[in-house]
Amino acid sequence: PGGRLMRLALSVMLVALAGVAMPAAAQVVSDNFDRGSGERTIEYTADGSRDSSRPVLTFNANFSGDDSASGVTLAFVSAGDETNAPRSRFSACHNVEWIVDGQPLAASRASYQGSVIDGELIELVVQEVTPEWVSAISAAQSVRYRVCRDEYALTAGDIQVFGMVAAK
């Protein structure tokens, strides 16, 4: 499972780097089955705004035999200036707290990875989640989350997509 989440984190990093060039897309859940390996992958990347102060949120679930792993990755992109590399915002503090309809929703401890690529710092905060977590998000009216001291919210469309994911 850890390897699958790392592959997800690396793919999110590429999405975050290409984010400026990517056209806005409809919210789509991909559901792929590899007959050779028997692995099923369900993925969703929030299309969101191009506001670099907001993270790119990606959900990924992998099922292979009796093994399964699901996670949410939050990718933050920060640009440096001409003389300095960007400073990390989340390496020392990357706790993620989820608030669903005003109530806390438990999730696992988050991990952190940061890389400077072409003068931009890509920070990935990865958190494993359960099917029950996905169901709670899908049934919510409002979902807010806080990474350290920065607070964000899922859109109504994101919540609806988690309903599609839960149905799969």
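Keep in mind that this is a model prediction, so the values were computed, not measured.

Draft legend 1. A look at the environment of T41. Checked against the element boundaries, T41 lands in strand β2 (residues 39-45). Measuring from C-alpha to C-alpha, the distance between T41 and S64 comes to 8.9 Å, with 23 residues separating the pair along the chain. With sequence-adjacent residues up to four places away left out, T41 is seen in contact with S30, D31, N32, N60, A61 and N62.

Draft legend 2. Molecular detail of the sheet that holds strand β7 (residues 111-117). Strand order in the open sheet formed by 6 strands is β1-β2-β3-β4-β8-β7, and the pairing between neighbours is antiparallel. The open sheet terminates on both sides in strands that have one partner only, identified here as β1 (29-34) and β7. Strand-to-strand twist of the sheet, defined as the mean angle between neighbouring strand axes without regard to direction, takes the value 20°. Bridging between β1 and β2 involves 6 bridges; their strand directions are antiparallel.

Draft legend 3. Inspection of helix α3 (residues 156-167) at higher detail. Taking 1.5 Å of rise per residue, the 12 residues of α3 would be expected to cover 16 Å, and the 17 Å separating its terminal C-alpha atoms lies within 8% of that figure. By the burial criterion, the buried members of α3 are G157, D158, I159, V161, F162 and V165. Close packing links the buried residues of α3 with β1, β2, β3 (56-64), α2 (131-138) and β9 (143-147).

Draft legend 4. Expanded view of the pairing of strand β4 (residues 67-79). Burial analysis of β4 places 10 of its 13 residues in the buried class, which makes it a mostly covered element. Where β3 and β4 come together, 9 bridges link them in antiparallel fashion. Counterpart to V56 in the pairing with β4 is A75.

Draft legend 5. Representation of the environment of E132 within the structure. Its place among the elements puts E132 in helix α2. Along the chain, E132 and A166 lie 34 residues apart, while their C-alpha atoms are 8.8 Å from each other.

Draft legend 6. Representation of the sheet that holds strand β5 (residues 96-100). Read across the sheet, 4 strands follow the order β6-β5-β9-β10 without closing on themselves; strand pairing throughout is antiparallel. Each edge of the sheet is formed by a strand with only one pairing partner; in this case those strands are β6 (103-105) and β10 (150-153). Ignoring which end each strand starts from, the neighbouring axes of this sheet average 30° apart. Across 4 bridges, β9 lies against β10 in antiparallel orientation. Its bridge partner being in β10, Y145 is matched across the sheet by Y152. The strands that α2 touches are β5, β6 and β9; relative to β5, the one it contacts most, it runs at about 45°.

Draft legend 7. Representation of the pattern of salt bridges in the model. What the rule picks out here adds up to 4 salt bridges. A salt bridge links E151 to R144; the nearest nitrogen and oxygen atoms lie 2.5 Å apart. Among the residues examined, R144 registers a relative accessible area of 37% and is labelled partly exposed. The closest approach of N and O atoms between E151 and R146, which form a salt bridge, is 3.4 Å. What makes E151 partly exposed here is its relative accessible area of 41%. It is possible to trace a salt-bridge network through shared partners that takes in E97, R144, R146 and E151.

Rules and cut-offs
Residues numbered from 1 in each chain as written. Predicted model: local features only at pLDDT ≥ 70, side-chain atom pairs only at ≥ 80, totals over all residues. Heavy atoms only, no water. Helix = DSSP H or I, 4+ residues; strand = E, 2+ residues; numbered from the N terminus. Contact = heavy atoms within 4.5 Å. Pairing = 2+ DSSP bridges. Axes fitted to C-alpha atoms, helices over the stretch in contact; angles between N-to-C directions. Expected span 1.5 Å × (residues − 1). Buried < 20%, exposed > 50% of the residue type's maximum accessible area, 1.4 Å probe, protein only. Salt bridge = Lys/Arg side-chain N within 4 Å of Asp/Glu carboxyl O.

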